[in-house]
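# A closer look at the structure
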Amino acid sequence: MESCRRILLVGFMGSGKSTVGSLLAARLGWAFFDFDAEIERHAGLSVEEIFRTLGEAHFRDLEARVGRTLLETDRAVLASGGGWPAPGRMATLDRDTLSVWLGVSPETALARTRLDGRARPLLQGADGLAKARRLLSARASSYGRAHLHLDTEATSPEELAERIHEHLEAADRNLSKR
Ligand code: S3P
């Protein structure tokens, strides 16, 4: 890739994109932006309220718009929402964006999202695990287009941030040798 100007974290709900993203941004001295937080700021509503009162299609429009703006930011770590990559968006990323897939099982995703205090409209109800399995399998090929894949089941957020940082430094070293 060209010299990296931004890092985009993708992955399922509960994969740790926001936690890892803010740790990584702090290490790099870069800004951190979370797609959902920016959507909430623009809309003046929580993601849960947007889904409930305006519908998922409206949320997806906002997400697409916010994503386009954030993906033009330099020296930034970005945490996308879990659904952002799925409609073929990974292929639209600029060459100077390093993409990282944080992998998580549906079971762990469900457990983490039930603890983190942020409502996930798509995983509500007694059949949350079945929903997580279905969504994750539909999205895996999109997530899989990321440059770097890291499993989050047995690795701490700090270590994940360190691995991404190391990957970036190695890529920069290779570029400067050319
Ligand atoms: C969604 C993921 C959520 C949020 C919304 C929809 C999805 O973000 O954007 O609830 O479709 O996977 P996180 O991945 O940050 O939980």
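The text that follows walks through the structure, step by step, so that each part is easy to find.

About the thresholds
- Residues numbered from 1 in each chain as written.
- Predicted model: local features only at pLDDT ≥ 70, side-chain atom pairs only at ≥ 80, totals over all residues.
- Heavy atoms only, no water.
- Phe/Tyr/Trp six-rings, centres within 6.5 Å; stacked < 30°, edge-to-face > 60°.
- Helix = DSSP H or I, 4+ residues; strand = E, 2+ residues; numbered from the N terminus.
- Buried < 20%, exposed > 50% of the residue type's maximum accessible area, 1.4 Å probe, protein only.
- Near = heavy atom within 4 Å.
- Polar contact = N/O pair within 3.5 Å; in protein donor to acceptor, adjacent residues only side chain to side chain.
- Areas by Shrake-Rupley, 256 points an atom, 1.4 Å probe, with all protein chains shown as cover.
- 1 Å grid on protein atoms, 1.4 Å probe; cavity = no way out; pocket = protein on both sides within 12 Å on 5 of 7 lines; lining within 4 Å.
- Sits in = over half its atoms within 2 Å of the grid points.
- Nonpolar A, V, L, I, M, F, W, Y, C, P; charged D, E, K, R; others polar.
- Salt bridge = Lys/Arg side-chain N within 4 Å of Asp/Glu carboxyl O.

Think of a pair of aromatic rings as described by two things: how far the centres are apart, and how the planes are tilted against each other in angle. The full count for this structure, using the stated rule, is three aromatic pairs. Ring geometry for Phe35 against Trp84: centres 5.9 Å apart, planes inclined by 85°, an arrangement best described as edge-to-face. Of the two residues, Phe35 is situated in helix H2 (residues 35–43) and Trp84 in the loop between strand S3 (76–79) and strand S4 (97–103); the sequence distance between them amounts to 49 residues. Centre to centre, the rings of Phe51 and Phe59 are 4.9 Å apart; their planes meet at 40°, and the pair counts as tilted. Taking the relative accessible area as the measure of exposure, Phe51 reaches 14% and is therefore buried. Given the relative accessible area of 3%, Phe59 is considered buried.

This brings us to the site of the ligand. Around the ligand, the surrounding shell holds 14 residues, and the nearest of these are Lys17, Asp36, Arg60, Arg120 and Arg139. Gly83 places a polar main-chain atom, nitrogen or oxygen, 3.3 Å from an oxygen atom of the ligand. Contacts to the ligand include Arg139, whose side-chain N or O atom sits 2.6 Å from an oxygen atom. Burial of the ligand by the surrounding chains reaches 98%, relative to a free accessible area of 390 Å². One can see that the ligand is located within the largest pocket. Residue composition of the shell around the ligand, by class: five nonpolar, three polar and six charged.

Moving on, we come to the pattern of salt bridges. On inspection of all chains with the given rule, the structure shows 14 salt bridges. Residues Asp96 and Arg5 are paired through a salt bridge, measuring 3.5 Å at the closest nitrogen-oxygen approach. Separated by 91 residues along the polypeptide, Asp96 in the loop between S3 and S4 and Arg5 in the segment before strand S1 (6–10) bring together distant segments of the chain. Among the ionic pairs, Asp116 bridges to Arg120, the shortest N-O distance being 2.9 Å. By relative accessible area, which is 38% here, Asp116 ends up partly exposed. Classification of Arg120 by relative accessible area gives buried; the value is 9%. When salt bridges with common partners are traced through the structure, they connect Arg5, Arg6, Asp74 and Asp96 into a single cluster.

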